[in-house]
Amino acid sequence: MKKPNENTVAALEELLGDARPGRMYQSLTRLFIDYLFYNANGLPVDFENILDDLERLLRFLAAIELQR
């Protein structure tokens, strides 16, 4: 993986500056579970990729929350 450039670092700092990673984690998790509940029979073909991406994002948010 390449090292993030200045724009990426700035975007992450802006995203997490006033954010509450724990709340973001909970909100995204609830939103995803709700989505699964209502769309269980019509999930996209590439759902495994979507699940992997979301899991990585949620782990990132959890790690940030643990550091606060």
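An account of the accompanying structure is given in this report.

## Observations concerning the overall build of the protein chain
From N to C terminus, the protein chain includes three helices and zero strands. Secondary structure elements in the protein chain, listed N-terminal to C-terminal, are α-α-α. Scaling as 2.2 N^0.38, a compact globule of 68 residues should have a C-alpha radius of gyration of about 11 Å, whereas the protein chain reaches 14 Å, well beyond that. Principal-axis analysis of the C-alpha atoms gives the protein chain an extent of 40 × 25 × 15 Å. Within the span of the protein chain, comprising 68 residues, buried residues form 15% of the whole. Just so you have it, the protein chain exposes about 6100 Å², and 56% of that area is on carbon and sulfur atoms.

## Some points on the pattern of salt bridges
Overall, the coordinates contain two salt bridges when judged by the stated rule. For Asp52, the salt bridge goes to Arg56, with nearest N and O atoms at 3.2 Å. Of this pair, Asp52 and Arg56 both sit in helix H3 (residues 47–67), four residues apart, which is roughly one turn of that helix. Overall, the relative accessible area of 32% leaves Asp52 in the partly exposed class.

## Points about helix H1 (residues 6–17)
Taking 1.5 Å per residue as the helical rise, H1 with its twelve residues ought to reach 16 Å, and the 16 Å between its terminal C-alpha atoms agrees with that figure. The backbone nitrogen of Asn7 lies 3.0 Å from a side-chain oxygen of the residue at the head of H1, namely Asn5.

## Thoughts on the packing of aromatic side chains
Scanning all chains against the criterion turns up two aromatic pairs. Where Phe32 meets Phe47, the ring centres are 6.0 Å apart and the plane angle is 5 degrees; that geometry is what we call stacked. Here Phe32 is found in helix H2 (residues 21–39), whereas its partner Phe47 is found in helix H3, with 15 residues between them in sequence. As far as burial versus exposure is concerned, Phe32 and Phe47 are alike and both buried. Between Phe37 and Tyr38, the ring centres sit 4.9 Å apart and the planes meet at 90 degrees, which makes this aromatic pair edge-to-face. For Phe37, a relative accessible area of 62% gives the class exposed.

## Brief notes about the environment of Pro21
Mapped onto the fold, Pro21 is located in helix H2. Judged by relative accessible area, Pro21 falls into the buried class, the value being 0%. Expressed as a C-alpha distance, the spacing of Pro21 and Ile33, which sit twelve residues apart in the sequence, is 18 Å. Excluding its chain neighbours within four sequence positions, the residues that come into contact with Pro21 are Leu16, Leu61, Ile64, Glu65 and Arg68.

## A few points about a nonpolar patch on the surface
Where nonpolar side chains cluster on the molecular surface, the patch consists of Leu12, Leu15, Leu57 and Phe60 and spans about 310 Å² of accessible area. At the level of elements, H1 and H3 are the ones that each hand at least two residues to the nonpolar patch. Within the element layout of this structure, Leu57 appears in helix H3.

What counts and how
Residues numbered from 1 in each chain as written. Predicted model: local features only at pLDDT ≥ 70, side-chain atom pairs only at ≥ 80, totals over all residues. Heavy atoms only, no water. Helix = DSSP H or I, 4+ residues; strand = E, 2+ residues; numbered from the N terminus. Rg over C-alpha atoms; globule rule 2.2 N^0.38 Å. Buried < 20%, exposed > 50% of the residue type's maximum accessible area, 1.4 Å probe, protein only. Areas by Shrake-Rupley, 256 points an atom, 1.4 Å probe, with all protein chains shown as cover. Salt bridge = Lys/Arg side-chain N within 4 Å of Asp/Glu carboxyl O. Expected span 1.5 Å × (residues − 1). Polar contact = N/O pair within 3.5 Å; in protein donor to acceptor, adjacent residues only side chain to side chain. Phe/Tyr/Trp six-rings, centres within 6.5 Å; stacked < 30°, edge-to-face > 60°. Contact = heavy atoms within 4.5 Å. Patch = residues over 30% accessible without salt bridge, like charges linked within 9 Å, V, L, I, M, F, W, Y side chains within 5 Å.

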